[in-house]
Amino acid sequence: MRDRLREARWSVIVPVLVYLALALTGASYSSIGIDQLREKPGEPSGVMLGTPLSERSDEWATSTPGLLRVMTTGSTDDLNPLTADEQFLNQLPSGPVSTVVLLDRWALQLGPWLPDHVLYSATLWLPMLLLTLSVPAWFRRITASSRVGWFAVALLVLSPLAAWWSFGPIATLGPLFVGCTALMKAQAAAVDRRTVPAIVWGALSTLFLARTLYAYPPWSVVLDTAVLATTVAFLLVPRVGRGRTIAVVGATGVATVAAIGAVVLENRATLTVLAETVYPGLRRSDGTPSALPEIFAAPVLGVLSDHPVIAASNASETSASFGVTLVWVAILAAAAWRPAPREHRVAIFVLGAMTAVWFAWSTLALGSLASSIPLLNQVPQARAADVVGMLGVLLLCLVLPLLPDLGARRAAVASALATGATTAYAGSLLRLASIPTLTLTEIYVSSTVVALAVLAITLRPRRPYGYVVAVAGAALLVWNVNPILFGLADLRGSAAADQLLEDAPTIRDDGGLWASDAYAVDSLLASSGVPSLSGRQLAGPERDAWTELAPDADESIWNRGGAFVWFQWQDKPGIAMENPGPDVILVRASPCTLAERVPALRTIVSARDLDMQCLEEVRRFDWGGASRIVYDIKDGS
């Protein structure tokens, strides 16, 4: 008992100390140190280890500038009259219930009084902390071993999908597992007739499960349904205390639904606008199956760090989780298992069934049927394929404790051959279809490492050797994907940023607006708290504002969520719009015409000299390797 307490204590203390060290030093894995966001790209300020990712514009051009804007202004307003309220999409509180659910995000509004780099770093690393605190505890409750939980944490965090999506899947999994683990603790306290701890843990579970509503839906639907169903099934199986278990699970479920309902009510206007957008609101799954490399090619994706040319895609879209674990589990299903409590086996069955459903959804051609299945039709097959390998990791780690030492030789050999062959085949397909520079050596070395790790773990599941090989191999795939940045690069401390931070309060107080013709400048404006027409439109449009701006434009052009609003300055009067991509709204306009349509527009930023009667040059600054010219709109123009 003492050893278990010691293990539990250190499993909490060490992650918390690491988290505090990262937060207090302002360390992050952000790509805001990219050249586009540098004042002088050849002379970057601060300390950055590694290379930032241009592919992660969702981070460096969206989420990070949005968080810094909140810290700068002390408000969650998006400061763009063209866009609907975006608190929900930015995971920011918009009312009393969401403030409690997103208490850490509410704390960002303390930015005017606390160091920005510390607040930012603490926010960025929090999901990772939640994952490391909860996943081992979840597995310890089900399997009586937290070691497989740590193995699961490693494979989840080190998956190419997590690394190339700036750990977005971890932002889903962290709160989810805290909610499920807290539910387990609430149930245990209720069975032991400890009412107060049961209520406290139940309340904590409610808050974190409600928080999953804010996660990226195509991933969270897959992960939430599988993990929550497994947790509830595990808790309901034992007969001892079943009545109390039903009571606490039911009460927590009702409270969670109520909290989610309250959050939806607080954000109903935003959600209504989003649902009516051409993209992504009206998007439905088209029934197209995912290619096998999207699920099974993760072990060969170390090649992405070389930034190869990828046919019709990019590194983020090509990345995958460790779907090869699905093949491993399928072989182990035929092996002889050690005796285990019934609830453990039920947890395996439920998670296995949910994984099978999502695997089928990812891989089968369903045609028009796909768009007619509620809930599932909100999950594009490619997005389900992204994370089904994470379900495979969780399922594998539920099965491994049941394997006997040296008692599954045939299963070990079969698993090694099957996983190695699957990796080689998926890598070969990836080489043929997308990445011709992926070498045969890389494919077969990766396949061999997979086979050896699987063989070692299956033969001796309670020895560390195979796990060390597996984790080391996973780390080699992604160790240099994300940079380690200390501070906030040139978004703080540069001459351009300092000037805008100084001007921003006056601009906001006067009700003024800016606009620029470069998305890199848009990120700077947002980070500095400068109200701007250009930037991101996440939830969707403010219809009246867009109609006044361009009354003759096709609504489908500007009725989009998750979009960049780009301006391109032209000399001729009038406004024209187009969509270069589904997530881009390009507005070609004369600044003079724009100022007539939007009287609050006071200043524009241009990458080229403009000679127009309505403009007066104010100053110039360097940003993203180019000179940017700031023009004021003349009064009465």
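Sequence order as written defines residue numbering, which begins from 1 separately in each chain. This being a predicted model, a pLDDT of at least 70 is required before a residue's local features are given, and a value of 80 or more before pairs of side-chain atoms are given or counted; all residues contribute to the totals for chains, interfaces and linings. For side-chain calculations, the full set of non-hydrogen atoms in the structure is used, while hydrogens and water are omitted.

Visitor: Is there a simple way to think about the overall build of the chain in this case?
Guide: Helix and strand assignments come from DSSP, with helices taken as H or I runs of at least 4 residues and strands as E runs of at least 2, each series counted from the N terminus. Scanning the chain from terminus to terminus reveals 25 helices and eleven strands. Relative to a compact globule of 637 residues, whose C-alpha radius of gyration would be 26 Å, the chain shows 26 Å and is just as compact. In terms of principal-axis extent, the alpha carbons of the chain reach across some 85 × 60 × 50 Å. For each residue, the accessible area found with a 1.4 Å probe, counting protein chains only, is set against the maximum for its type, and the residue is called buried under 20%, exposed over 50%, and partly exposed in between. Counting all 637 residues of the chain, 54% fall into the buried class. For the chain, restricting intrachain contacts to residue pairs at least 6 apart in sequence, the fraction spanning at least 24 positions comes to 73%. Only the protein chains shown count as cover for residues, and the accessible areas themselves come from Shrake-Rupley with a 1.4 Å probe. Carbon and sulfur atoms form 62% of the exposed surface of the chain, whose accessible area is close to 26,200 Å². Counted charges follow a simple rule, with Lys and Arg positive, Asp and Glu negative, and His plus the chain ends left uncounted. All charge positions are set by atom: Lys at NZ, Arg at CZ, Asp at CG, Glu at CD. Charge-centre separation for the chain: the mean point of 46 positive side chains lies 19 Å from the mean point of 51 negative side chains. Every radius of gyration here is taken over C-alpha atoms, with the globule rule written as 2.2 Å times N^0.38, N being the number of residues. In this analysis, two residues are considered to be in contact whenever any of their non-hydrogen atoms come within 4.5 Å of each other.

Visitor: It is not clear to me how helix 2 (residues 57-73) should be interpreted in this structure. Could you clarify?
Guide: Count 3.6 residues to each turn of an α-helix, and residues three or four apart come out pointing the same way. Between the first and last C-alpha of helix 2 there are 23 Å, a value that for 17 residues agrees with the 24 Å anticipated at 1.5 Å per step. For a residue, the bend is simply the angle between two axes, fitted respectively to the seven-residue segment ending there and the seven-residue segment starting there. Along helix 2, the sharpest change in direction is near 30° and occurs at Pro65. Of all the 17 residues making up helix 2, 14 are buried; the element is thus mostly covered by neighbouring parts of the structure. A positive backbone phi angle near 70° is found at Gly74, which sits one or two residues after helix 2. Expected helix span is computed as 1.5 Å times (number of residues minus one).

Visitor: Please explain a nonpolar patch on the surface as it appears in this structure.
Guide: Each patch is assembled from residues with relative accessible area greater than 30% and no salt bridge, linking like charges that lie within 9 Å and nonpolar side chains (Val, Leu, Ile, Met, Phe, Trp, Tyr) that lie within 5 Å. We count a salt bridge whenever a side-chain nitrogen from Lys or Arg sits within 4 Å of a carboxyl oxygen from Asp or Glu. Nonpolar side chains collect at one region of the surface, where Trp10, Ile13, Val14, Leu17, Val18, Leu20 and Leu24 lie side by side and expose about 660 Å² of accessible area between them. Relative to the helices and strands, Val14 is located in helix 1 (residues 2-24). Look at Val14 and you get partly exposed, because its relative accessible area is 42%.

Visitor: Would you mind going over empty space enclosed by the protein with me for this structure?
Guide: Think of a 1 Å grid over the protein atoms and nothing else: a 1.4 Å probe that fits but is trapped marks a cavity, an open set flanked by protein within 12 Å on at least five of seven lines marks a pocket, and residues with an atom within 4 Å of a point count as lining. Grid points are joined across faces, edges and corners, and a volume is the space filled by probe spheres set on the points. Going through the model one piece at a time under the given rule, you end up with one cavity of 30 Å³ or more. One number sums up the size of the largest cavity: a volume of about 250 Å³. Around the largest cavity, the lining is made up of 23 residues, and of these Arg69, Asp78, Ala526, Gly535 and Arg536 lie nearest the centre. Sorting the residues of the lining of the largest cavity by element identifies helix 2, helix 22 (519-528) and strand 5 (535-537) as the ones contributing at least two each. Amino acids are sorted into nonpolar (Ala, Val, Leu, Ile, Met, Phe, Trp, Tyr, Cys and Pro), charged (Asp, Glu, Lys and Arg) and polar (every other residue, Gly among them). Grouping the constituent residues of the lining of the largest cavity by class yields nine nonpolar, nine polar and five charged.

Visitor: Got a minute to help me understand the packing of helix 2 against helix 22 in this structure?
Guide: Any two packed helices are characterised by how steeply their axes cross, that is the angle between the axes, and by the distance between the axes. Two elements in contact, helix 2 and helix 22, have axes separated by 6 Å at closest approach and are oriented at 25°. Relative to helix 22, helix 2 is oriented roughly parallel. Judged by residue contacts, Trp60, Ala61, Pro65, Leu68, Arg69 and Thr72 of helix 2 engage Tyr519, Ser523, Ala526, Ser527 and Ser528 from helix 22. Orientation is described by lines fitted to C-alpha atoms, with helices fitted over the stretch in contact, and by angles between N-to-C directions that extend from 0 to 180 degrees. Each angle gets one of four labels, with under 35 degrees taken as roughly parallel, over 145 as roughly antiparallel, 65 to 115 as roughly perpendicular, and the rest as oblique.

Function cannot be read off these values alone, since they describe shape.
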